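In case you want the letters, here they are:
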Amino acid sequence: KRRVNENKELVATGAGDRFALEQAESSLSELQSELSTLQASENQVREKLSAKVGNELASVTSAKAQEAAARGDP
């Protein structure tokens with residue numbers, strides 16, 4: 001964001017070129033998109049980690065069910 005603002009100021013005063021500004025804006029857009037994707041992934045992981053069945057994490061319950069199925073327990 002700072003780079004975009006710096007380039008805007010330079011272009012406005014005639015000391016900077018438009019290409020550098022456009023490149024900075026493009027990079028900012030890509031980074032913001034990547035950040036949004038990573039934040040969504042983080043939220044999914046947090047939800048999975050906090051999911052509980054009874055007093056146990058859902059992943060522990062699932063693992064116990066798989067173990068019981070492998071042993072042939074009902």
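Residues numbered from 1 in each chain as written. Predicted model: local features only at pLDDT ≥ 70, side-chain atom pairs only at ≥ 80, totals over all residues. Heavy atoms only, no water.

### Re the overall build of the chain
Then step 1. Scanning the chain from N- to C-terminus turns up three helices and two strands.
Then step 2. Taking 2.2 N^0.38 as the reference for a compact globule, 74 residues should give roughly 11 Å; the C-alpha atoms of the chain span a radius of gyration of 25 Å, well beyond that estimate.
Then step 3. Referenced to the eigenvectors of the C-alpha coordinate spread, the extents of the chain come out at roughly 75 × 20 × 10 Å.
Then step 4. Residues counted as buried form 7% of the 74 residues belonging to the chain.
Then step 5. Counting only carbon and sulfur atoms, one obtains 52% of the accessible surface of the chain, whose full area is about 6200 Å².
Then step 6. Each charge class in the chain can be summarised by its mean position, and for the 10 positive and 12 negative side chains these summaries are 5 Å apart. (Helix = DSSP H or I, 4+ residues; strand = E, 2+ residues; numbered from the N terminus. Rg over C-alpha atoms; globule rule 2.2 N^0.38 Å. Buried < 20%, exposed > 50% of the residue type's maximum accessible area, 1.4 Å probe, protein only. Areas by Shrake-Rupley, 256 points an atom, 1.4 Å probe, with all protein chains shown as cover. Lys, Arg positive; Asp, Glu negative; His and termini not counted. Charge placed at Lys NZ, Arg CZ, Asp CG, Glu CD.)

### Points about the packing of helix α1 (residues 2-13) against helix α2 (residues 18-50)
Each pair of packed helices can be described by the angle between their axes along with the distance between the axes.
Then step 1. Where α1 meets α2, the axes come as close as 9 Å, and the angle between the chain directions of the two elements is 160 degrees. Put simply, α1 runs roughly antiparallel to α2. Viewed along their axes, α1 and α2 form a crossing whose handedness is left-handed. Packed against α1, whose contacting residues are R3, V4, N7, K8 and V11, the element α2 presents R18, A20, L21, A24, E25 and L28 at the interface.
Then step 2. When grouped by side-chain class, the residues that make up the contact of α1 with α2 number six nonpolar, one polar and four charged. (Axes fitted to C-alpha atoms, helices over the stretch in contact; angles between N-to-C directions. Parallel < 35°, antiparallel > 145°, perpendicular 65-115°, else oblique. Left-handed = near helix turned anticlockwise from the far one by under 90°. Contact = heavy atoms within 4.5 Å. Nonpolar A, V, L, I, M, F, W, Y, C, P; charged D, E, K, R; others polar.)

### Considerations on the pattern of salt bridges
Then step 1. The tally for this structure, following the rule as stated, stands at four salt bridges.
Then step 2. Measuring nitrogen to oxygen at the nearest pair gives 3.7 Å for the salt bridge that ties E6 to R2. Here R2 and E6 lie together in helix α1, a separation of four residues that amounts to about one turn.
Then step 3. R2 gets classed as exposed once you look at its relative accessible area, which sits at 66%. (Salt bridge = Lys/Arg side-chain N within 4 Å of Asp/Glu carboxyl O.)

### Some remarks on helix α3 (residues 58-71)
Then step 1. Look at α3: 20 Å from first C-alpha to last across 14 residues, which is about the 20 Å you get at 1.5 Å a residue.
Then step 2. Immediately downstream of α3, the backbone of G72 shows phi near 90 degrees, a positive value. (Expected span 1.5 Å × (residues − 1).)

### Comments concerning the confidence of the model for the chain
Do not read the fine detail of predicted coordinates wherever pLDDT is low.
Then step 1. With 92% of its residues at a pLDDT of 70 or more, the chain shows a mean pLDDT of 88.
Then step 2. Highest mean pLDDT in the chain belongs to α1 (95); lowest belongs to strand β1 (residues 52-53) (64). (pLDDT = per-residue confidence, 0-100.)

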